[in-house]
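Letter by letter, the chains look like this.
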Amino acid sequence: MTCRRKTKSERELVADINKAFLSFCKTRECRDCEYNKGYLNCKIAYIADLLNKYKGE
């Protein structure tokens, strides 16, 4: 299997996701968060919820 570098658009997408999550996370307390399952699981749950919201559109 060959190693493939991420393209610029992939890196930008990851950066945008991280930026959106951090701005969402900063506005809430962890104990009140609907995705409160630990930091990494919280981030994955947030992204999955975003994808499910826009899946129907």
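What counts, and at which threshold
- Residues numbered from 1 in each chain as written.
- Predicted model: local features only at pLDDT ≥ 70, side-chain atom pairs only at ≥ 80, totals over all residues.
- Heavy atoms only, no water.
- Helix = DSSP H or I, 4+ residues; strand = E, 2+ residues; numbered from the N terminus.
- Buried < 20%, exposed > 50% of the residue type's maximum accessible area, 1.4 Å probe, protein only.
- Core = buried A, V, L, I, M, F, W, Y, C linked by side-chain atoms within 4.5 Å.
- Contact = heavy atoms within 4.5 Å.
- Salt bridge = Lys/Arg side-chain N within 4 Å of Asp/Glu carboxyl O.

How should the overall build of the protein chain be read in this particular structure?
Scanning the protein chain from terminus to terminus reveals two helices and zero strands. Of all 57 residues assigned to the protein chain, the portion counted as buried reaches 14%.

Sorry if this is basic, but what is going on with the nonpolar core here?
Within soluble globular proteins, side chains that are nonpolar generally end up buried alongside one another. One finds Phe-21, Phe-24, Cys-33, Tyr-35, Cys-42, Ala-45 and Tyr-46 forming the largest nonpolar core, which totals seven residues. At the level of elements, helix H1 (8–26) and helix H2 (39–55) are the ones that each hand at least two residues to this core. At three residues, the largest contribution of residues to this core is made by H2. In this structure Tyr-35 touches Phe-24, Cys-42, Ala-45, Tyr-46 and Asp-49, once residues within four positions along its chain are discounted.

Any chance you could explain the pattern of salt bridges here in plain terms?
Two side chains that carry opposite charge are able to pair once their charged atoms sit near each other. The final tally for this structure, using the stated rule, is two salt bridges. Ionic pairing is found between Lys-8 and Glu-12, a salt bridge with its closest N-O pair at 3.9 Å. Of this pair, Lys-8 and Glu-12 both sit in helix H1, four residues apart, roughly one helical turn. Since its relative accessible area comes to 56%, Lys-8 is described here as exposed. As a salt-bridge pair, Lys-53 and Asp-49 come within 3.6 Å of each other at their nearest N and O atoms. Of this pair, Lys-53 and Asp-49 both sit in helix H2, four residues apart, which is roughly one turn of the helix. Residue Asp-49 is classed as partly exposed on the basis of its relative accessible area of 23%.

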